[in-house]
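Chain and residue survey
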Amino acid sequence: MKIAIIGAGNLGLAIAKGILHSNGATTMYLTKRNTAEIQEFEKYGNVTVTSDNRLAVQNSDILIFAVQPGHFGSILEETKDLLEENHVVISTITGFGIQKIEEIIGSDQFIIRSMPNTAISVGKSMTCICSNELGKKRIDLAKAIFNRMGHTLEIPEEQMQAATVICASGIAFWMRLIRATTQGAIQLGFDSKEAQELAMHTCNGAASLLIESGHHPEEEIDRVTTPKGCTIEGLNEMEHQGLSSSLIRGIVTSYEKISDIRKG
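Rules used in this analysis
Residues numbered from 1 in each chain as written. Predicted model: local features only at pLDDT ≥ 70, side-chain atom pairs only at ≥ 80, totals over all residues. Heavy atoms only, no water. UniProt positions renumbered as here; feature names shortened; annotations may be inferred. Patch = residues over 30% accessible without salt bridge, like charges linked within 9 Å, V, L, I, M, F, W, Y side chains within 5 Å. Areas by Shrake-Rupley, 256 points an atom, 1.4 Å probe, with all protein chains shown as cover. Salt bridge = Lys/Arg side-chain N within 4 Å of Asp/Glu carboxyl O. Lys, Arg positive; Asp, Glu negative; His and termini not counted. Charge placed at Lys NZ, Arg CZ, Asp CG, Glu CD. Helix = DSSP H or I, 4+ residues; strand = E, 2+ residues; numbered from the N terminus. Buried < 20%, exposed > 50% of the residue type's maximum accessible area, 1.4 Å probe, protein only. Arc of directions from axis to C-beta. Contact = heavy atoms within 4.5 Å. Pairing = 2+ DSSP bridges. Axes fitted to C-alpha atoms, helices over the stretch in contact; angles between N-to-C directions.

As recorded in an unreviewed UniProt entry, the protein goes by Pyrroline-5-carboxylate reductase and comes from Flagellimonas ochracea. Quoted straight from UniProt, the Function (unreviewed entry) entry for the protein says "Catalyzes the reduction of 1-pyrroline-5-carboxylate (PCA) to L-proline." The UniProt entry for the protein carries the following text under Pathway (unreviewed entry): "Amino-acid biosynthesis; L-proline biosynthesis; L-proline from L-glutamate 5-semialdehyde: step 1/1."

This is the structure:
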């Protein structure tokens, strides 16, 4: 695949690394205003670093845009005359809808929106994907790209804001839960380094159990709770203090905020 990543900032470079480390590109163009910061990527041999977005578009089939929202429209305007039937436009820009993209480049283009999270830098992103009508013909291609860096789920575009809360903001929510577990472990006598190690690997194990088994969380909870045991006692106390309801309220509050931002 001939891939261009327009906007090689933190997210763009994370995507580039995921693709390159899995040998997912025949050639790759990386664009950035200050190319000195990303020059080292040319060591891969099949990577060209440039500040010329038009050059990158001309020499690529798959165009992954990872620029700031305020710059996206002007970059599309700058390059739209170069778009041909082989091009697939993949946007990672939050809040920039498909209709808005179509207004600039037309609806006769393969347009896909993707919403990865910061775990993409370690190959563990939960990436949500949607497309315009024509883009449905290339949705499997987009999944193949982002599956190299985690897991993908195709959803309707109207759910992208909710997915941003669950997947992107969700990273922060889970970090806070891991931090709280770490603090609890310190209170029980572990030093801070050991406590964090215990917390993060236990969290990783819990998620992996569900991913590998396909079980409902309650099924795995039942495996570790015994009558009058310490696990059920702890779980019940957490629920009495509002653990589940606080999480749900936090998620809904984040969604209400992102909806207000979108309206503004």
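This part takes up a negative patch on the surface. A contiguous patch of negative charge on the surface is contributed by Glu-218, Glu-219, Asp-222 and Glu-239. Counting residues per element, the negative patch draws most heavily on helix α8 (residues 217-224), at three residues. Within the fold, Asp-222 resides in helix α8. What makes Asp-222 exposed here is its relative accessible area of 54%.

Buried residues of helix α4 (residues 98-105): Ile-98, Ile-101, Ile-104 and Ile-105, and no others. Buried residues of α4 fall within an arc of 125 degrees about the axis and therefore sit on the same side. Counted as exposed and oriented over 90 degrees from the buried face of α4: Gln-99 and Glu-103. In this structure, the buried residues of α4 make contact with α3 (69-79), β5 (88-91), β6 (110-115) and β7 (125-131).

So, on to the pattern of salt bridges. All told, the structure shown has seven salt bridges when counted by the stated rule. The closest approach of N and O atoms between Glu-37 and Lys-32, which form a salt bridge, is 2.6 Å. Residue Lys-32 is classed as partly exposed on the basis of its relative accessible area, which comes to 25%. Where Lys-136 meets Glu-133, a salt bridge forms, and the shortest distance between an N and an O atom there is 3.3 Å.

Another aspect to go through is the UniProt feature "domain: Pyrroline-5-carboxylate reductase catalytic N-terminal" (unreviewed entry) in the protein. With numbering aligned to this structure, UniProt lists the feature "domain: Pyrroline-5-carboxylate reductase catalytic N-terminal" (unreviewed entry) at residues 2-93. Split by type, residues 2-93 is 32% helix and 24% strand. Its first and last C-alpha atoms lie 21 Å apart.

This part covers the sheet that holds β7. What the eight strands build is an open sheet, ordered β3-β2-β1-β4-β5-β6-β7-β8; its pairing is mixed. For this open sheet the edge positions go to β3 (47-50) and β8 (150-154), each flanked by a neighbour on one side alone. The sheet shows a mean angle of 20 degrees between the axes of neighbouring strands, direction not considered. As paired elements, β7 and β8 share five bridges and run parallel to each other. From the neighbouring strand, Cys-128 faces β8, where its bridge partner is Leu-153. Contacts from α4 reach β5, β6 and β7 within the one sheet, and its direction differs from that of β6 by about 145 degrees. Packing against the sheet, helix α6 (residues 160-187) makes contact with β6 and β7, and its axis sits at approximately 35 degrees to β6.

To continue, consider unusual backbone geometry. The phi angle at Asn-23 is positive, at roughly 55 degrees, despite the residue not being glycine. Its place among the elements puts Asn-23 in the loop between α1 (10-21) and β2 (27-31). On the basis of relative accessible area, Asn-23 is assigned to the exposed category, the value being 70%. Although it is not a glycine, Lys-228 adopts a positive phi angle of roughly 60 degrees. Relative to the helices and strands, Lys-228 resides in the loop between α8 and α9 (230-240). Overall, the relative accessible area of 85% leaves Lys-228 in the exposed class.

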